[in-house]
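# Descriptive analysis of the structure
Residues per chain, in single letters:
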Amino acid sequence: MNETNYNNLPILTSEVVRHRVFDVKNDEAESYEKILEDCIINPNNPIPEPEVILSYNGVTVLWRGCKSFVCAVAKARKTTALTLFTAILLGKDESANGFKAFPACRVLFVDTEQAKYDSQKILNRVSRLCGKTPNEMTELMVLSLNLLISFLKVFCRSLLPE
(Lines give C-alpha, C1' and ligand atoms only; values in the text may rest on other atoms or scores of the structure.)
Protein backbone atom coordinates (compact mmCIF):
# COMPACT_ATOMS: atom_id res chain seq x y z
CA MET A 1 0.00 0.00 0.00
CA ASN A 2 1.46 3.36 -1.01
CA GLU A 3 1.36 6.10 1.58
CA THR A 4 1.52 9.76 0.58
CA ASN A 5 4.29 11.77 2.19
CA TYR A 6 2.49 15.05 2.86
CA ASN A 7 5.71 16.76 3.94
CA ASN A 8 6.85 16.86 0.30
CA LEU A 9 3.66 18.44 -1.08
CA PRO A 10 3.91 22.05 -2.32
CA ILE A 11 2.53 24.69 0.02
CA LEU A 12 -0.25 26.56 -1.79
CA THR A 13 0.40 30.13 -0.76
CA SER A 14 -1.24 32.88 -2.74
CA GLU A 15 2.07 33.37 -4.57
CA VAL A 16 2.26 29.71 -5.59
CA VAL A 17 -1.37 29.73 -6.73
CA ARG A 18 -0.91 32.99 -8.58
CA HIS A 19 2.29 32.03 -10.41
CA ARG A 20 2.14 28.27 -10.71
CA VAL A 21 -1.56 27.70 -11.27
CA PHE A 22 -2.82 30.90 -12.85
CA ASP A 23 0.47 32.19 -14.28
CA VAL A 24 -0.45 35.70 -13.16
CA LYS A 25 1.88 38.57 -13.91
CA ASN A 26 3.07 40.80 -11.07
CA ASP A 27 0.91 43.74 -12.16
CA GLU A 28 -2.22 41.53 -11.76
CA ALA A 29 -1.13 40.20 -8.35
CA GLU A 30 -2.83 42.95 -6.34
CA SER A 31 -6.30 42.05 -7.62
CA TYR A 32 -5.77 38.40 -6.61
CA GLU A 33 -4.51 39.48 -3.19
CA LYS A 34 -7.69 41.56 -2.79
CA ILE A 35 -9.85 38.56 -3.72
CA LEU A 36 -8.05 36.43 -1.13
CA GLU A 37 -8.51 39.17 1.49
CA ASP A 38 -12.23 39.39 0.71
CA CYS A 39 -12.58 35.66 1.43
CA ILE A 40 -11.54 36.08 5.08
CA ILE A 41 -14.50 36.27 7.47
CA ASN A 42 -14.10 38.85 10.23
CA PRO A 43 -16.55 38.18 13.10
CA ASN A 44 -16.50 41.88 14.03
CA ASN A 45 -17.74 43.15 10.64
CA PRO A 46 -21.51 42.93 10.22
CA ILE A 47 -22.63 41.14 7.07
CA PRO A 48 -26.09 42.09 5.77
CA GLU A 49 -28.61 39.26 5.43
CA PRO A 50 -28.89 38.21 1.76
CA GLU A 51 -32.10 38.55 -0.25
CA VAL A 52 -34.02 35.24 -0.34
CA ILE A 53 -34.97 34.07 -3.84
CA LEU A 54 -36.21 30.54 -3.06
CA SER A 55 -37.62 29.06 0.13
CA TYR A 56 -39.28 25.80 1.11
CA ASN A 57 -41.98 26.01 3.79
CA GLY A 58 -40.41 29.24 5.04
CA VAL A 59 -36.82 27.91 5.14
CA THR A 60 -34.28 29.63 2.85
CA VAL A 61 -32.99 27.38 0.07
CA LEU A 62 -31.26 29.96 -2.17
CA TRP A 63 -30.45 33.65 -1.89
CA ARG A 64 -29.39 36.28 -4.41
CA GLY A 65 -25.72 35.88 -5.28
CA CYS A 66 -25.69 32.34 -3.91
CA LYS A 67 -23.30 29.83 -5.42
CA SER A 68 -24.62 26.41 -4.45
CA PHE A 69 -23.23 22.97 -5.13
CA VAL A 70 -25.19 19.76 -4.90
CA CYS A 71 -23.20 16.63 -4.10
CA ALA A 72 -24.70 13.18 -3.72
CA VAL A 73 -24.12 9.60 -4.79
CA ALA A 74 -24.54 8.67 -8.44
CA LYS A 75 -28.11 8.45 -9.75
CA ALA A 76 -29.53 10.38 -6.77
CA ARG A 77 -31.47 12.67 -9.18
CA LYS A 78 -29.32 15.76 -8.51
CA THR A 79 -29.88 17.18 -12.01
CA THR A 80 -33.63 16.55 -11.75
CA ALA A 81 -33.86 18.43 -8.45
CA LEU A 82 -31.81 21.36 -9.77
CA THR A 83 -33.91 21.46 -12.94
CA LEU A 84 -37.07 21.74 -10.83
CA PHE A 85 -35.53 24.45 -8.58
CA THR A 86 -34.52 26.40 -11.67
CA ALA A 87 -37.99 26.06 -13.22
CA ILE A 88 -39.59 27.28 -9.98
CA LEU A 89 -37.22 30.27 -9.87
CA LEU A 90 -37.78 31.24 -13.49
CA GLY A 91 -41.35 30.07 -14.00
CA LYS A 92 -44.70 31.79 -13.94
CA ASP A 93 -45.88 30.37 -10.60
CA GLU A 94 -44.61 32.00 -7.42
CA SER A 95 -45.15 28.84 -5.37
CA ALA A 96 -45.18 25.10 -5.98
CA ASN A 97 -45.65 22.36 -3.36
CA GLY A 98 -44.18 24.34 -0.47
CA PHE A 99 -41.55 26.15 -2.56
CA LYS A 100 -41.82 29.90 -2.94
CA ALA A 101 -39.86 31.95 -5.47
CA PHE A 102 -39.20 35.61 -4.75
CA PRO A 103 -37.84 38.38 -7.06
CA ALA A 104 -36.86 37.64 -10.63
CA CYS A 105 -33.30 36.48 -11.07
CA ARG A 106 -30.82 35.01 -13.51
CA VAL A 107 -29.51 31.46 -13.14
CA LEU A 108 -26.21 29.94 -14.23
CA PHE A 109 -26.75 26.16 -14.28
CA VAL A 110 -23.43 24.32 -14.40
CA ASP A 111 -23.49 20.54 -14.55
CA THR A 112 -20.08 18.95 -14.18
CA GLU A 113 -21.29 15.45 -15.07
CA GLN A 114 -23.51 16.04 -18.09
CA ALA A 115 -22.30 16.16 -21.67
CA LYS A 116 -23.42 18.92 -24.06
CA TYR A 117 -26.36 16.85 -25.36
CA ASP A 118 -27.72 16.28 -21.85
CA SER A 119 -27.12 19.90 -20.86
CA GLN A 120 -29.19 21.00 -23.85
CA LYS A 121 -31.96 18.67 -22.63
CA ILE A 122 -31.83 20.46 -19.26
CA LEU A 123 -32.31 23.85 -20.97
CA ASN A 124 -35.23 22.48 -23.01
CA ARG A 125 -36.84 20.86 -19.94
CA VAL A 126 -36.63 24.06 -17.86
CA SER A 127 -38.06 26.01 -20.80
CA ARG A 128 -41.03 23.63 -21.09
CA LEU A 129 -41.68 23.76 -17.33
CA CYS A 130 -41.66 27.58 -17.52
CA GLY A 131 -43.98 27.64 -20.54
CA LYS A 132 -41.34 29.29 -22.74
CA THR A 133 -39.18 28.39 -25.70
CA PRO A 134 -35.42 27.92 -25.11
CA ASN A 135 -34.77 31.18 -27.02
CA GLU A 136 -37.00 33.05 -24.56
CA MET A 137 -34.97 31.81 -21.57
CA THR A 138 -32.60 34.80 -21.52
CA GLU A 139 -32.35 34.62 -17.71
CA LEU A 140 -30.91 31.08 -17.84
CA MET A 141 -27.49 29.91 -18.99
CA VAL A 142 -26.71 26.19 -18.94
CA LEU A 143 -23.07 25.11 -19.14
CA SER A 144 -21.59 21.65 -19.55
CA LEU A 145 -18.25 21.50 -17.83
CA ASN A 146 -17.54 17.78 -17.67
CA LEU A 147 -14.57 18.09 -20.05
CA LEU A 148 -13.20 21.10 -18.18
CA ILE A 149 -13.46 19.27 -14.85
CA SER A 150 -11.59 16.27 -16.30
CA PHE A 151 -8.88 18.61 -17.55
CA LEU A 152 -8.61 20.34 -14.15
CA LYS A 153 -8.26 17.00 -12.33
CA VAL A 154 -5.37 16.02 -14.59
CA PHE A 155 -3.82 19.49 -14.25
CA CYS A 156 -4.05 19.45 -10.45
CA ARG A 157 -2.47 16.01 -10.29
CA SER A 158 0.42 17.36 -12.38
CA LEU A 159 1.17 19.92 -9.63
CA LEU A 160 1.86 17.19 -7.07
CA PRO A 161 5.29 15.55 -6.92
CA GLU A 162 5.40 11.92 -8.00
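Keep in mind the model is a prediction, meaning the values are calculated, not measured.

### What about the pairing of strand β2 (residues 59-63)?
- Pairing of strand β1 (residues 52-56) with β2, which is carried by four bridges, proceeds in the antiparallel orientation. Across the sheet, Leu54 pairs through a bridge with Leu62, a residue of β2.
- Here β1 folds back onto β2, and the loop between the two strands holds two residues, one of which, Asn57, carries a positive phi near 50°.

### Observations regarding the packing of aromatic side chains
- Within this structure, the stated rule accounts for two aromatic pairs.
- Geometrically, the ring pair formed by Tyr56 and Phe99 is tilted, given 4.7 Å between the ring centres and 45° between the ring planes. Of the two residues, Tyr56 sits in strand β1 while Phe99 sits in strand β4 (residues 99-101), which places them 43 residues apart along the sequence.
- Linked through ring pairs, Tyr56, Phe85 and Phe99 together constitute an aromatic cluster.

### Quick look at unusual backbone geometry
- The phi torsion at Lys75 lies on the positive side, around 65°, for a residue other than glycine.
- Mapped onto the secondary structure, Lys75 falls in the loop between β2 and α3 (78-90).
- With relative accessibility at 80%, the residue Lys75 sits in the exposed group.
- Phi at Arg77 is positive, roughly 75°, even though this residue is not glycine.
- Counting through the fold element by element, Arg77 comes out in the loop between β2 and α3.
- By relative accessible area, which is 57% here, Arg77 ends up exposed.

Rules and cut-offs
Residues numbered from 1 in each chain as written. Predicted model: local features only at pLDDT ≥ 70, side-chain atom pairs only at ≥ 80, totals over all residues. Heavy atoms only, no water. Pairing = 2+ DSSP bridges. Helix = DSSP H or I, 4+ residues; strand = E, 2+ residues; numbered from the N terminus. Phe/Tyr/Trp six-rings, centres within 6.5 Å; stacked < 30°, edge-to-face > 60°. Buried < 20%, exposed > 50% of the residue type's maximum accessible area, 1.4 Å probe, protein only.

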